[in-house]
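The chain contents come next:
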Amino acid sequence: MKLTSKPTGMRYVAPLSLLLLAGGAQAADSGQEYGPDPELPDPQRGLLPNMTVPEQAPWGDAKPTVPDGYTITAIATDLKVPRQTLVLPNGDILVAEGKGGGKAPKSRPKDFIAGLIQSQGTTSVKGGDRLTLLRDGNDDGKYEQQTVFADNLNAPYGLALVDDDLYVANQDSLVRFDYEEGQTEASGPPELVTPLPSEINHHWTKALTASADGDYLYVGIGSNSNITERGMAAEVNRAEIWEIDPETGAHRAYATGVRNPTALTIQPETDRLWAVVNERDELGPNLVPDYLTSIQDGGFYGWPYSYWGQHVDPRVRPQNPEKVEAAIAPDYSLGSHHAPLGVDFSNPAVGGEFANGVFVGEHGSWNRTDPVGYKVVFIPFEDGEPAGDPVDFVSGFLTGDGKTRGRPVGVTVAPDGSVIVADDMTNAIWRVTRDGNAASSTQPAAEASADASSEEATPPEDEAEMPEDGYAGDG
């Protein structure tokens, strides 16, 4: 196996954006605030927001950094844009691979510029539109078996297993496969549960989790714009979390005003639904905080009229004071523009200071001069609530000279305490284990090809791949 994050030239700021940034916010990128009550700065607006995506770099002999007492191993490489993972009852791991979006028109010059900059942080590999199954047949931590479980899907993202039903949230539909423990490929095509909103698909990812009793499924549906620049008609059924009856496909809006809920999970013991959410852009490097929050049935979380409770967004017309008054402030700020795309609760088997809390995969910023995110953090919990600052759990994706080797997406905690991390730039799956707690390979991360060059990693300028979700603001 080899890891294929490759260099793409200079740390990328589009030349045209340099001309336009004279009208943009120029404040220092500082003041990242974490926790339940962040101190928010005044909004900053300009012709263009600050935009930077780090140059891509190969791993070589390096691998991500984990805390003392833990080991990280690349258990799968050369995948086709892995997004989310699911650990099956027998220990097999399912990986959803794909790229979505691509139907969001670029109506403003900044849309094109920002899209070009964002594209520098994406892989050139074509999305697999499939589920891949990984199996460690002899419990040595190496996952030597890799098979295509199902293909011909449409940008699959969210995954959930309820009894013998495997659910997959494509970018346009929720589907179901029959599942029998131990099978390595689907026994037939999927059955449609319900269509999902997919027009424009500015934010295409469809997060998924099941209620603790399995009676309902929850799907996160992101907005169709940054801040309603396409009009409210484009936002019908968007910026919501749906509750779906898997037997009938009937659904309702469980929560609204959630700009881009990119990952969902159920809290053990309380059975509460939690989400990580990518908030809006273009208000400065330190606004608006992305967040982790419990989701209340019937709750409204502010988008587009306000952020972090009752902080009014002056760009929205017409404004809606009644909706602002009803807006729920999130539970925990992750800091602005970290782009969380994965979340899962820990369990005691993870051990140490990481036994009680949540892991969050931060894909990393584009809407700042100084990059943030690009790591997996742990948020400690006490009495069922977040308590304390984030702790780095998997880092090293950003190098000391301002390059990036990978971008974390989905995070899954297995019953044995191992933490599974999808990396959609390296196209790898990483597995973190506690030393002495489970089988773990001591082999170093596989080396990138010695002859990898920026020329083979980067398409010609006129063929540069634009991000599938356009000017999405989710990293």
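Computed from a predicted model, the values in this text were never measured in an experiment.

Asker: An account of the environment of Arg259 is requested, with residue identities and associated values reported.
Answerer: Structurally, the position occupied by Arg259 is in the loop between β14 (251-256) and β15 (261-266). Here Arg259 falls in the buried class, since its relative accessible area comes to 0%. Linking Arg259 and Trp303, residues 44 residues apart in sequence, is a C-alpha distance of 5.7 Å. For Arg259, the side chain forms a polar contact with the main-chain oxygen of Glu279, separated by 2.8 Å.

Asker: Kindly report on the sheet that holds strand β9 (residues 173-178), identifying the contributing residues and their values.
Answerer: The sheet built from four strands is open, its strands ordered β7-β8-β9-β10 with antiparallel pairing. The outermost strands of the open sheet, each flanked by one partner alone, are β7 (158-162) and β10 (191-195). Neighbouring strand axes in the sheet, compared pairwise and without regard to direction, differ in orientation by 20 degrees on average. Note that β7 and strand β8 (residues 165-169) share five bridges and pair antiparallel. Within β8, the residue paired with Leu161 across the bridge is Leu166.

Asker: If you had to explain the pairing of strand β4 (residues 93-97) to someone new, which residues and values would you point to?
Answerer: Among the five residues of β4, five are classified as buried, and the element is accordingly described as predominantly covered. Of the two faces of β4, the one holding Ile93, Val95 and Glu97 and the one holding Leu94 and Ala96 are both buried throughout. The sheet contact formed by strand β3 (residues 82-87) and β4 spans five bridges and is antiparallel. Across the sheet, the residue bridging to Pro82 is Glu97, located in β4. In this structure, the hairpin formed by β3 and β4 is closed by a connection of five residues, where Gly91 is found at a positive phi of approximately 95 degrees.

Asker: Run through the layout of surface pockets, naming residues and quoting values.
Answerer: Gaps left between atoms are located by rolling a probe of water-molecule size over the structure's atoms. Put simply, the largest pocket is a space of about 840 Å³. Counting residues per element, the ones that place at least two in the lining of the largest pocket are β3, β7, β11 (206-210), β15, β22 (340-345) and β28 (408-413). A class-by-class count of the residues in the lining of the largest pocket yields 23 nonpolar, 11 polar and two charged.

Asker: Run through unusual backbone geometry, naming residues and quoting values.
Answerer: That bond from Leu287 to Val288 is cis: its omega, -5 degrees, falls within 30 degrees of zero. You can see Val288 is positioned in the loop between β16 (273-277) and β17 (289-294). A cis amide bond, omega -10 degrees, links Arg317 with the succeeding residue Pro318. The residue Pro318 is located in the loop between β20 (311-312) and α3 (321-326) in this model.

Asker: Go over the confidence of the model for the protein chain, please, and point to the residues and values.
Answerer: Residues of the protein chain with pLDDT of at least 70 account for 80%, and the chain-wide mean is 86. Across residues 5-30, confidence stays below pLDDT 50; counting only partners more than four residues off in sequence or on other chains, it has 84 contacts. Confidence over residues 438-475 falls short of pLDDT 50; this stretch has 111 contacts with residues more than four positions distant or in other chains.

Rules and cut-offs
- Residues numbered from 1 in each chain as written.
- Predicted model: local features only at pLDDT ≥ 70, side-chain atom pairs only at ≥ 80, totals over all residues.
- Heavy atoms only, no water.
- Helix = DSSP H or I, 4+ residues; strand = E, 2+ residues; numbered from the N terminus.
- Buried < 20%, exposed > 50% of the residue type's maximum accessible area, 1.4 Å probe, protein only.
- Polar contact = N/O pair within 3.5 Å; in protein donor to acceptor, adjacent residues only side chain to side chain.
- Pairing = 2+ DSSP bridges.
- Axes fitted to C-alpha atoms, helices over the stretch in contact; angles between N-to-C directions.
- 1 Å grid on protein atoms, 1.4 Å probe; cavity = no way out; pocket = protein on both sides within 12 Å on 5 of 7 lines; lining within 4 Å.
- Points joined across faces, edges and corners; volume = space filled by probe spheres on them.
- Nonpolar A, V, L, I, M, F, W, Y, C, P; charged D, E, K, R; others polar.
- pLDDT = per-residue confidence, 0-100.
- Contact = heavy atoms within 4.5 Å.

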